[in-house]
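Examining the three-dimensional arrangement
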Amino acid sequence: MTRPLLRELHDEVIETVAADGKRICLRSIRQSDEDRMREGIKRLSEQSRYMRFFSVQPMPSDPVIDKLLDADGHDHIAWGAIHLNGMDNPAVGAVHAIRSENHPHAGEFSVAVLDDYHGLGLARMLTTVLLIHCEVEAMCELEVQTLAENMPAIRFILSIGAQRRESEAGIIGFRLPVRPAIRQISATSDLQGVRDILSALARYIPTDDSPCAALGQ
């Protein structure tokens with residue numbers, strides 16, 4: 001079977017449900033999402049902004065916003081979650097992986113979900129999509145940095161196979177091998193949203209011929 005074009009993955013749109021039944025759309029982040037992104041960041045609590053950006057500023061600088069929007073699906077992979085509420089369809093979460101300039105098979109991972117949507121499985125759903133996209137694009141290992149006090153994030157990344165690395169000034173670093181994390185999520189998650197994602201993207205998930213498999217994952 002011929003593997004689908006990578007551009008097709010970047011253009012996929014997945015409709016599913018959160019743990020409480022809310023209708024959710026997952027798709028790649030676009031330049032046209034600037035207003036949605038800014039509105040979502042404004043709706044983050046001060047604590048959540050601090051946990052995500054390590055700052056309590058109400059809004060990141062324009063260059064940071066531009067960087068978050070500049071996702072090409074290869075060196076910067078970014079997916080967003082939209083609540084299909086029939087009214088304004090707000091952005092309620094986002095996940096990013098940005099390729100390292102020094103290590104072409106590695107990247108930096110981040111995820112954020114609006115406070116009102118915590119506990120609904122959105123971080124796990126977004127991460128599942130991102131990990132599949134990362135493996136296809138040969139971004140095989142992700143670096144995660146989180147504040148030592150952010151225990152929900154730490155529990156989450158450990159649950160999908162992250163390995164703790166260095167700690168410095170209240171920030172803990174983790175290494176997340178992409179291919180094992182996909183297997184871990186596939187084997188352990190009972191979220192309908194995750195099952196829908198794995199089904200929708202099954203044709204993209206590389207097998208033994210993937211670049212990450214060649215690197216020993």
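Heads up: the structure comes first, above all this text.
Residues numbered from 1 in each chain as written. Predicted model: local features only at pLDDT ≥ 70, side-chain atom pairs only at ≥ 80, totals over all residues. Heavy atoms only, no water.

Concerning helix α4 (residues 62-69)
Of the residues making up α4, those classed as buried are I65, L68 and L69. For α4, the buried positions fall inside an angular range of 95° around the axis, keeping them on one side. In this structure, α4 carries P63 and K67 as exposed residues pointing more than 90 degrees from its buried face. Where α4 is buried, its residues touch α2 (34-43), α3 (46-53), β3 (76-83) and β4 (91-99). (Buried < 20%, exposed > 50% of the residue type's maximum accessible area, 1.4 Å probe, protein only. Helix = DSSP H or I, 4+ residues; strand = E, 2+ residues; numbered from the N terminus. Arc of directions from axis to C-beta. Contact = heavy atoms within 4.5 Å.)

Description of the sheet that holds strand β7 (residues 163-168)
Whether parallel or antiparallel, the strands of a sheet pair through hydrogen bonds between backbone atoms. Spatially, β1-β2-β3-β4-β5-β6-β8-β7 is the arrangement adopted by the eight strands of the open sheet, whose pairing is mixed. Each edge of the open sheet is held by one strand with a lone partner, namely β1 (13-17) and β7. Strand-to-strand twist of the sheet, defined as the mean angle between neighbouring strand axes without regard to direction, takes the value 20°. Direction of pairing for strand β5 (residues 106-113) relative to strand β6 (residues 141-147): parallel, over a ladder of four bridges. Its bridge partner being in β6, A106 is matched across the sheet by E141. On the sheet, helix α7 (residues 178-188) packs against β6 and β8 (171-177) and is oriented at approximately 80° with respect to β8. (Pairing = 2+ DSSP bridges. Axes fitted to C-alpha atoms, helices over the stretch in contact; angles between N-to-C directions.)

Concerning the pairing of β6
One crossover worth recording links β5 to the parallel β6 by way of helix α5 (residues 122-136), and it is right-handed. As defined by bridge partners, β6 adjoins β8 across seven bridges and the pair is classed as antiparallel. Within β8, the position partnered with E141 by the bridge is P177. (Right-handed = clockwise from strand over helix to strand, strands pointing away.)

In short, the description is geometric, and any link to function would need to be established separately.
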